[in-house]
Amino acid sequence: MKYDYIIIGGGLGGLCAAIILAKENKKVLVLEKHYKAGGYLHSFKRKGFQFETGFHFAPELNEDQILSMYWKYLGIYDKLKLIPYNRDHFHSLVFPDMRVDLRSGMENLRVDLKSQFPNEKKAIDIYIDKIKELKRYFVYFNQDHKGDMDKEHESFEISIESFLDSIGASQRLKGVVLAHSYLYGVPPSETPLGTHAIFFNALYSSSTDIEGGGDALATALVESLQENGGEIAYKKNVTKIVTDNKMIKSVITDDETSYDCDGIIFSANPQLSFKMLDDDVFRGIFKSRINEMENTTSHFGTYLVTDADLSSYNYDLLYLPDYDINKLYNKPISGSPDDDLFLYFTVPTARLGAAEGGKHIIETISIDNYNNYSQWAESKVGRRAPEYYELKKRCEKSVINKLDELIPELNNKIILSESSTPLTNRDYTNSPNGSIYGIKHSMDQMKAPIRARTKLNNFFYTGQSLIFPGIVGVTITSFVTCSDILGQQYLFDRIDSGIKK
């Protein structure tokens, strides 16, 4: 059997691309190396409790917002039960000497920032106006499909930090508006203004949880794929992409199964694709450029269960030990576990309902560095050196100690704890160095970004390493990839007609 397209990797980007092509009556097969689809959407269970690893919330899902448009076209919007965050309090930022409670909505943010920083009203107005303006330039981020490519490109020529400095923003104001940089894993000094603008607009548009979390989203994607005639195969780890005279012929999996195809969409980190291709398929200069690109930071995650009543924590909280957000990237938790470190935490059970027995789940993220674990790089999950587990336990204790400070109700009431390191992330997501957001979307690297279309005929990339990471970014990137196959205007027309039926 021959397929029009094989999608390598069944994460969010791969599944979205597969659905788009299946809706065009393309014969599509997704090959997923794990026993279930989802990639970063995966969850896991311990003693009956379910924890999210990569999915924590989805923005832009109100009726008139951009992600709702794409998810409706994909046929997954109505398959999901959406649980909106409280618009009057969706996130809190806690610094050592200041706390800021945030409401959804850019205009609410304008009001709240002016209340917090009354002497910086002019800078706040300039900042909010610029962030709102920039979104209009990105074609795929507007429901009317209009934009301005030249101005979009200009927004990548200055960093968000340089822009804030140019309008006279204080360090404290910068700390507040840059606190969420962990959502794309790039320090503010390296983040293009345009990247920040896209994320900031999405972040403050709305925040929505999904009943069932990332697994429910992955299930909806697979169902839609199959409803549109697409196929998915599990435990299929692609080891070889066969080409002949610059034409794709087939892929081979580690169980020696061969699948014939005319085209491929590679949805994992592009650096991994070269291991599956003969050396002469791409020019050496292209491979070197991609392989030398820096990946984003990794993270340390903790997954906790408590019998404390945390029902009032129906918002996410970020603890930031410094107003200079750049410094947080130089203080990975594994470098000095006892230091005062960046911490993001969420209590999904406060929004979705308590777990069995009235228990609550806490999930946290801290910035981490793969290099601090590289001495155990050849080890396997569950069979690492004692020193690795000692470091992991120290980091976990540091997180719990900070949570005890931030959540008085905990009071040593944690009854179950698990944690993950950059090695865990590498082994379960196949992401180089355990990178949380793939290839780094920094100013230097975005000057020559990875394109979806390649010089190998009918071989395309998609996923978080291309345009933007995150739920919104990866979804939209799949449409960008498929527009290179189907045509941009054709796909926009299909979206418009498809969601109006």
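Residues numbered from 1 in each chain as written. Predicted model: local features only at pLDDT ≥ 70, side-chain atom pairs only at ≥ 80, totals over all residues. Heavy atoms only, no water.

1. With respect to the packing of helix α1 (residues 12-22) against helix α9 (residues 213-227)
The cut-off we apply is this: Here the axes come from fitting lines to C-alpha atoms, over the contacting stretch only for helices, and the angles between their N-to-C directions go from 0 to 180 degrees. Helix and strand labels come from DSSP, where a helix needs a run of H or I of at least four residues and a strand needs a run of E of at least two; each type is numbered from the N terminus. Oblique is the label for any angle not covered by the other classes, which are roughly parallel (under 35 degrees), roughly antiparallel (over 145) and roughly perpendicular (65 to 115). Handedness of a crossing is defined here by the sense of rotation of the near helix relative to the far one, left-handed for an anticlockwise turn of less than a right angle and right-handed for a clockwise turn. The contact criterion used throughout is that any non-hydrogen atoms of two residues lie within 4.5 Å. The classification used treats Ala, Val, Leu, Ile, Met, Phe, Trp, Tyr, Cys and Pro as nonpolar, Asp, Glu, Lys and Arg as charged, and all other residues, Gly among them, as polar.
Put simply, α1 and α9 touch, their axes get as near as 9 Å, and they point 25° apart. Regarding the angle of α1 to α9, the classification is roughly parallel. Between α1 and α9 lies a crossing of left-handed hand. Across from Leu 12, Leu 15, Cys 16, Ala 18, Ile 19 and Ala 22 in α1, the residues of α9 making contact are Ala 218, Leu 221, Val 222, Ser 224 and Leu 225. Along the lines of polarity and charge, the residues of the contact of α1 with α9 split into ten nonpolar, one polar and no charged.

2. Some points on the environment of Gly 105
Put simply, the test is: Three exposure classes are used, based on accessible area relative to the maximum for each residue type with a 1.4 Å probe and protein chains only: buried under 20%, partly exposed in between, and exposed over 50%.
Secondary-structure assignment places Gly 105 in the loop between β7 (98-102) and α3 (106-116). Look at Gly 105 and you get buried, because its relative accessible area is 13%. Here the alpha-carbon distance between Gly 105 and Asp 88, two residues 17 residues apart in the chain, equals 9.4 Å. In contact with Gly 105, not counting residues within four places along its chain, are Arg 87 and Tyr 204.

3. Notes on the environment of Asp 4
Filter applied, for reference: Whenever two N or O atoms come within 3.5 Å, that pair is a polar contact, provided that in protein one can donate a hydrogen and the other can accept it, and provided that, for residues adjacent in sequence, both atoms are side-chain atoms.
The residue Asp 4 is located in strand β1 (residues 2-8) in this model. Through-space distance from the C-alpha of Asp 4 to that of Asp 144 is 30 Å; in sequence the pair is 140 residues apart. Discounting chain neighbours no more than four positions away, the residues touching Asp 4 are Asn 25, Lys 26, Lys 27, Asp 262 and Gly 263. Among the polar contacts listed, one links the side chain of Asp 4 to the backbone nitrogen of Lys 27, at a separation of 2.7 Å.

4. Regarding the sheet that holds strand β14 (residues 316-319)
Here is the rule: A pair of strands is labelled paired if DSSP reports no fewer than 2 bridges between them.
Read from one edge of the open sheet, seven strands run β7-β6-β14-β15-β16-β13-β17, paired in mixed fashion. A strand with exactly one partner marks an edge of an open sheet, and here the two such strands are β7 and β17 (414-420). For this sheet, the mean inter-axis angle between neighbouring strands, taken without regard to orientation, is 15°. Two strands pair when backbone bridges link them, and β14 and strand β15 (residues 343-346) are joined in this way by three bridges, in the antiparallel orientation. Across the sheet, residue Tyr 319 finds its bridge partner in β15, namely Leu 343.

5. A few points about unusual backbone geometry
Positive phi, normally seen in glycine, also occurs at Lys 47, with a value near 50°. If you trace the backbone, Lys 47 turns up in the loop between β3 (43-46) and β4 (49-52). Unusually for a residue other than glycine, Asn 411 sits at a positive phi of about 45°. Among the structural elements, Asn 411 can be located in the loop between α12 (386-406) and β17. Note on Asn 411: relative accessible area 55%, which makes it exposed.

6. Points about the packing of aromatic side chains
Applied cut-off: Between 30 and 60 degrees the pair is tilted, below 30 it is stacked and above 60 it is edge-to-face, where a pair is any two Phe, Tyr or Trp rings, Trp via its six-membered ring, whose centres lie within 6.5 Å. Any Lys NZ or Arg CZ that is within 6 Å of a ring centre and within 35 degrees of that ring's normal is treated as a charge sitting over the ring.
Taken as a whole and judged by the stated rule, the model has 32 aromatic pairs. Site record: aromatic cluster; members linked through ring pairs are Phe 138, Phe 141, Phe 156, Tyr 184, Phe 199 and Phe 468. Positioned over the ring face of Tyr 73 is Lys 23, at 4.5 Å from the centre of the ring. The side chain of Arg 384 reaches across the aromatic face of Tyr 388, ending 5.3 Å from its centre.

7. Looking at helix α16 (residues 488-499)
In plain terms, the rule: Multiplying 1.5 Å by the residue count of a helix minus one yields the expected span of that helix. What the arc describes is the spread of directions from the helix axis to the C-beta atoms.
The end-to-end C-alpha distance of α16 is 17 Å, a good match for the 16 Å that twelve residues give at a rise of 1.5 Å each. Taken together, the buried positions of α16 are Leu 491, Phe 492 and Ile 495. Taken around the axis of α16, the buried residues stretch over an arc of 100°, which confines them to a single face.

8. A few points about the side chain of Asp 324
What counts, and what does not: His is not counted, nor are the chain ends; Lys and Arg add positive charge and Asp and Glu add negative charge. Take a side-chain nitrogen of Lys or Arg and a carboxyl oxygen of Asp or Glu: if they are within 4 Å of each other, that pair is a salt bridge.
Examined against the element boundaries, Asp 324 turns out to sit in the loop between β14 and β15. One buried charged side chain, Asp 324, makes no salt bridge at all; its nearest oppositely charged neighbour is Lys 327, positioned 4.6 Å away. For Asp 324, the side chain forms a polar contact with the main-chain nitrogen of Asn 326, separated by 3.1 Å. Residues in contact with Asp 324, not counting those within four places in the same chain, are Glu 161 and Gln 171.

9. Observations concerning the pairing of strand β12 (residues 258-266)
By the bridge criterion, six bridges tie β1 to β12 in an arrangement that is parallel. Its bridge partner lying in β12, Ile 8 is registered against Phe 266. Bridge count between strand β11 (residues 247-253) and β12: three bridges; the pairing is antiparallel. Bridge pairing links Val 251 to Tyr 259 in β12. Here β11 hands over to β12 after four residues, with Glu 256 in that stretch at a positive phi of 70°. One ladder, built from three bridges, connects β12 with strand β18 (residues 459-461); its direction is parallel. Bridge pairing in β18 places Phe 266 opposite Tyr 461.

10. Considerations on the side chain of His 56
By the element assignment, His 56 lies in the loop between β4 and α2 (66-74). Sequence-distant contacts of His 56, that is, excluding residues within four places in its chain, are made with Tyr 85, Asp 209, Tyr 344, Thr 346, Arg 351, Glu 363 and Ile 365.

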